[in-house]
Amino acid sequence: RDLSHIHVPDGVLPLWLVALGWVVTALILLFCVRRVATDDWTRRLPLLGVMAALMILGMTVEIVPIGYHLNMSVVAGIVLGPNLGFVAAFILNTILALFGHSGVTVIGLNTPVIGIEAALGYLLFRGLLALLSPRRAAWAAGREPSRPDRRSARRPRSASRSRGSNRAGSAR
C-alpha cells in the first residue's frame, strides 16, 4: 500500500539487484557528501540530525484509518537541500532497517527513491519560489510583507554632531 519506499524483507530480491542498489546508493552518497563544504557540515550537522529524526518519526507512526505513514522527505529536501536530503534519506533507511521496517539489503534501493523525493521537493520549492515576488512569497508563507517605514529612512542628526564635538567624543 505504501509507494514511497520498498517494503521487502531480506533474501527475497535477487543478489544482482541488491548489489546494484548498494552501488548506486554509494556513488550518489559519495557525490552528495563531496558537494557539501566542510564549514557547511559543521553548521548543518545538527539540522541534518533533527530532520533525519523527524523523517524516522514520520515513517514509524502509522495513520491508522488509511494505513499509511507520513513521508517527510520533501520537507527534508526543502530544509536541507538535495545533497544533505539524500544523506538524511540514507540515515532514515538505515535506522528503519534496524527497526525491522523492511530489510537491510533494501537500503540500497530505498535510499535513491527517498533521496530523489527530497531532491525533487527542493527543486520544485525553489522553482515555485523563483516565480513569486518577495511580497507574494511572504504572503504565501503567512507573514505580513515588510514595508519600509518612511520615517526611519531619514536619519536624524545626532545631538553630538550638532554641538560640534568630534566622533570619539573627546574634548578639544
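As the structure is a prediction and not an experimental result, all values here were calculated from the model.

## Digging into the overall build of the protein
Working step 1: Counting its regular elements, the protein contains eight helices and two strands.
Working step 2: Of the regular secondary structure in the protein, the N- to C-terminal order runs α-α-β-β-α-α-α-α-α-α.
Working step 3: Split into buried and exposed, the 172 residues of the protein put 31% on the buried side.
Working step 4: Sequence-distant contacts in the protein: of pairs separated by 6 or more residues, those separated by 24 or more amount to 74%.
Working step 5: With the model as given, the accessible surface of the protein reaches about 11,900 Å², and the carbon-plus-sulfur share is 65%.

## Comments concerning the packing of helix α2 (residues 38-60) against helix α3 (residues 73-80)
Working step 1: Following both chains from N to C, one finds α2 and α3 inclined at 170°, their axes separated by 10 Å at the closest point. Considering the angle they form, α2 stands roughly antiparallel to α3. Facing α2, whose interface residues are R44, L47, L48, M51 and M55, α3 presents S73, V75, A76, V79 and L80.
Working step 2: Class assignment for the residues of the contact of α2 with α3 results in eight nonpolar, one polar and one charged.

## As for helix α5 (residues 107-131)
Working step 1: Between its first and last C-alpha, α5 extends 36 Å over 25 residues, near the 36 Å set by a 1.5 Å rise per residue.
Working step 2: Buried residues of α5: I107, G108, L109, N110, T111, P112, I114, G115, A118 and G121, and no others.
Working step 3: The inward-facing, buried residues of α5 abut α1 (15-35), α2, α3 and α4 (82-98).

## Re the confidence of the model for the protein
Working step 1: Chain-level statistics for the protein give a pLDDT mean of 81 and a share of 81% at 70 or above.
Working step 2: Ranking the helices and strands of the protein by mean pLDDT puts α1 first, with 94, and helix α8 (residues 159-162) last, with 50.

## What about the packing of α2 against α4?
Working step 1: Packing of α2 against α4 brings their axes to within 9 Å, and their N-to-C directions diverge by 45°. Between α2 and α4, the interaxial angle falls into the category oblique. In the crossing of α2 with α4, the sense of the turn from one axis to the other is right-handed. Residues W41, R44, L48, A52, M55, I56, M59 and T60 of α2 form the contact with α4, whose own contacting residues are L84, V87, A88, A89, I91, L92, I95 and L96.
Working step 2: Taken together, the residues of the contact of α2 with α4 break down into 14 nonpolar, one polar and one charged.

Parameters and conventions
- Residues numbered from 1 in each chain as written.
- Predicted model: local features only at pLDDT ≥ 70, side-chain atom pairs only at ≥ 80, totals over all residues.
- Heavy atoms only, no water.
- Helix = DSSP H or I, 4+ residues; strand = E, 2+ residues; numbered from the N terminus.
- Buried < 20%, exposed > 50% of the residue type's maximum accessible area, 1.4 Å probe, protein only.
- Contact = heavy atoms within 4.5 Å.
- Areas by Shrake-Rupley, 256 points an atom, 1.4 Å probe, with all protein chains shown as cover.
- Axes fitted to C-alpha atoms, helices over the stretch in contact; angles between N-to-C directions.
- Parallel < 35°, antiparallel > 145°, perpendicular 65-115°, else oblique.
- Nonpolar A, V, L, I, M, F, W, Y, C, P; charged D, E, K, R; others polar.
- Expected span 1.5 Å × (residues − 1).
- pLDDT = per-residue confidence, 0-100.
- Left-handed = near helix turned anticlockwise from the far one by under 90°.

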